[in-house]
Amino acid sequence: MGETEQLLLIIGIFFVYILATIGVYQVAEKNGRNFAAWFITSLFCSPIVVLIILMCIGETSEKRKEEIINEELLRKKIREGITCPNCHNPNAKDNKFCITCGANLGAEV
Ligand SMILES: [Zn+2]
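Residues numbered from 1 in each chain as written. Predicted model: local features only at pLDDT ≥ 70, side-chain atom pairs only at ≥ 80, totals over all residues.

1. Description of the overall build of the chain
(1) Moving on: Looking only at helices and strands, the chain features 4 helices and 2 strands.
(2) Moving on: Secondary structure elements in the chain, listed N-terminal to C-terminal, are α-α-α-α-β-β.
(3) Moving on: By the compact-globule yardstick of 13 Å for 109 residues, the chain is too spread out, its C-alpha radius of gyration being 26 Å.
(4) Moving on: Dimensions along the principal axes, computed over C-alpha positions, put the chain at roughly 85 × 30 × 20 Å.
(5) Moving on: Expressed as a percentage of its 109 residues, the buried residues of the chain come to 11%.
(6) Moving on: Taking the intrachain contacts of the chain between residues at least 6 apart in sequence as the baseline, contacts between residues at least 24 apart amount to 29%. (Helix = DSSP H or I, 4+ residues; strand = E, 2+ residues; numbered from the N terminus. Rg over C-alpha atoms; globule rule 2.2 N^0.38 Å. Buried ≥ 20, exposed ≤ 12 C-beta atoms within 10 Å, placed from the backbone. Contact = placed C-beta atoms within 7 Å.)

Next comes the structure, spelled out in structure tokens:
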């Protein structure tokens, strides 16, 4: 193997490592994991190995809980819609006027 091929191989490996490290950052961020800890781990083994581990273990239970709570809040918002400020009857979220008393609901949004 010539010197040029060796140099290209080193650059190639380096490039793959950089890409894998970016991947580790993105997966860690998405799954609510500590990037710094996983970055240090990737220095000891390999960012490619760490990336595979991160993908296998998925998101933290805290992150999952957070997502469930957000989903539930959104669902609750859609379900409840708008309560009329005048007669306190429930209205669909996108109603402009109250279906019971005809009060303007625009101010509520
Ligand atoms: Zn009303």
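2. Side note on the environment of Asn89
(1) Moving on: Within the secondary structure, Asn89 is located in the loop between strand E1 (82-83) and strand E2 (90-91).
(2) Moving on: The exposure class assigned to Asn89 is partly exposed, which follows from the 13 C-beta atoms found within 10 Å.
(3) Moving on: Linking Asn89 and Ile52, residues 37 residues apart in sequence, is a C-alpha distance of 53 Å.
(4) Moving on: In contact with Asn89, not counting residues within four places along its chain, are Cys84, Cys98 and Thr100.

3. Observations concerning the domain arrangement of the chain
(1) Moving on: As assigned here, the chain comprises domain 1 (1-59) and domain 2 (61-109).
(2) Moving on: Centre-to-centre, using C-alpha coordinates, domain 1 lies 44 Å away from domain 2. (Domains from an automatic or database assignment.)

4. Topic: the nonpolar core
(1) Moving on: Val24, Val27, Val50, Leu51 and Leu54 together form the largest nonpolar core, which totals 5 residues.
(2) Moving on: Going through the elements one at a time, helix H1 (3-30) and helix H3 (47-57) are the ones with two or more residues in this core.
(3) Moving on: Top element by residues in this core is H3. It accounts for 3 residues.
(4) Moving on: Those residues in contact with Val24, other than ones at most four positions away along the chain, are Trp38, Phe39, Ser42, Pro47, Val50, Leu51 and Leu54. (Core = buried A, V, L, I, M, F, W, Y, C linked by C-beta atoms within 7 Å.)

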